[in-house]
Amino acid sequence: MLFKQIRANTRKFLRFFALIIYYGFAQYLPSQPRPGWRMSYFVRRIIVKLIFKKCGLDVIIKSKAYFGKGNSVVMGNRSQLGNNCKVESDLIMGDDVVMGPDVIIMSSAHAFEQLDVTINRQGSLPRRPVTIGNDVWIGTRVIILPGVTIGDKAVIGAASVVTKDVPPRGIAVGNPAKVIRYRGDRLTNGQDSCLRNC
Ligand SMILES: CC(C)(COP(=O)(O)OP(=O)(O)OC[C@H]1O[C@@H](n2cnc3c(N)ncnc32)[C@H](O)[C@@H]1OP(=O)(O)O)[C@@H](O)C(=O)NCCC(=O)NCCS
């Protein structure tokens, strides 16, 4: 019991220390292609391992990625947080997720239905984590709203606002994001068969 308590406190302390190092220094280190990016990725990888709830192998955290306290972030192997992204901590991400810059992933919202109380006094709705599957590409400046699930192998087009779940392999674009086609379609209808054969 005492051992467990000591271990929990040590973990808390390390996480706190890692957050200070990350937000005070490591987040500003360069990203590819600026010189020194390899070292930066290595440093940030070690730091987030102490912060995140679960962190896979070879993750990439690009410059100025914000993830709140990070203690509810789950990141799979080889997945990325893009330059200048903003993640509200509650995020479950699979393996091999690629992320463009300036992505925003929300998990909280204000309560606002009561008309006789101002919004700033209504508190928040319960947090709803965002779930992202394996092998997903999230384009530049995408916004993902609370509770959304993005299926395996999906693609989200630049500047899209994702308000609803995206099915596996779906390529979703626009505001609100809608599926325009499915990944792999162009390979199977022969239109882009060169991609397979070249
Ligand atoms: C989503 C994306 C991959 C789609 O590629 P694609 O399947 O080749 O799509 P197409 O170019 O054939 O476009 C299909 C239709 O969707 C529209 N569309 C494509 N991307 C869109 C976007 N991001 N937002 C709104 N509409 C979009 C096109 O205008 C086209 O519309 P139309 O049929 O009315 O002419 C690509 O457009 C995109 O947004 N890439 C992200 C780039 C990026 O963020 N890079 C950062 C590096 S990590």
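Since the structure is predicted, the reported quantities are computational estimates derived from the model, not experimental observations.

> How should I be thinking about the site of the ligand in this particular structure?
Among the 13 residues in the neighbourhood of the ligand, the closest are listed as G100, G139, T140, G157 and V173. Of the residues assigned to the shell around the ligand, the class counts are seven nonpolar, six polar and no charged.

> Is there a simple way to explain the environment of R44 in this structure?
As for its position among the elements, R44 is in helix α2 (residues 37-51). In this structure R44 comes out as buried when scored by C-beta crowding, with 23 C-beta atoms within 10 Å. Residues R44 and G174, 130 residues apart in the sequence, show an inter-C-alpha distance of 32 Å.

> Just to check I follow, could you spell out the sheet that holds strand β9 (residues 130-132) for this structure?
Strand pairing in a sheet is mediated by backbone hydrogen bonds. Such pairs are either parallel or antiparallel. Read across the open sheet, the five strands follow the order β1-β3-β6-β9-β12; overall the sheet is parallel. The open sheet terminates on both sides in strands that have one partner only, identified here as β1 (54-55) and β12 (149-150).

> Quick question: what am I supposed to make of the sheet that holds strand β14 (residues 161-162) here?
Strand order in the open sheet formed by four strands is β5-β8-β11-β14, and the pairing between neighbours is parallel. Since the sheet does not close on itself, it has two edges, and those belong to β5 (86-87) and β14, each with one partner. In this sheet, strand β8 (residues 104-105) lies alongside β5 in parallel orientation, the contact comprising two bridges. Of the residues in β8, the one forming a bridge with K86 is I104.

> Is there a simple way to explain the pairing of strand β15 (residues 170-173) in this structure?
On a regular strand, each side chain points to the face opposite its neighbour's, so the side chains alternate between the two faces of the sheet. When strand β13 (residues 155-156) meets β15, the two strands line up parallel, connected through two bridges. Looking at β15, one finds that V155 is bridged to I171. As judged from the four bridges shared by β15 and strand β16 (residues 178-182), these two strands associate in the antiparallel manner. Bridge assignment links G170 to a residue of β16, and that residue is Y182. Two successive antiparallel strands, β15 and β16, enclose a turn made up of four residues, where G174 displays a positive phi of approximately 95°.

> Please explain unusual backbone geometry as it appears in this structure.
Following Q32, the chain continues to P33 via a peptide bond in cis, the omega torsion being 10°. Considering the arrangement of structural elements, one finds P33 in the loop between α1 (2-24) and α2. N175 connects to P176 through a cis peptide bond whose omega is -5°. Following the sequence through the fold, P176 ends up in the loop between β15 and β16.

Procedures and definitions
- Residues numbered from 1 in each chain as written.
- Predicted model: local features only at pLDDT ≥ 70, side-chain atom pairs only at ≥ 80, totals over all residues.
- Near = placed C-beta within 6 Å.
- Nonpolar A, V, L, I, M, F, W, Y, C, P; charged D, E, K, R; others polar.
- Helix = DSSP H or I, 4+ residues; strand = E, 2+ residues; numbered from the N terminus.
- Buried ≥ 20, exposed ≤ 12 C-beta atoms within 10 Å, placed from the backbone.
- Pairing = 2+ DSSP bridges.

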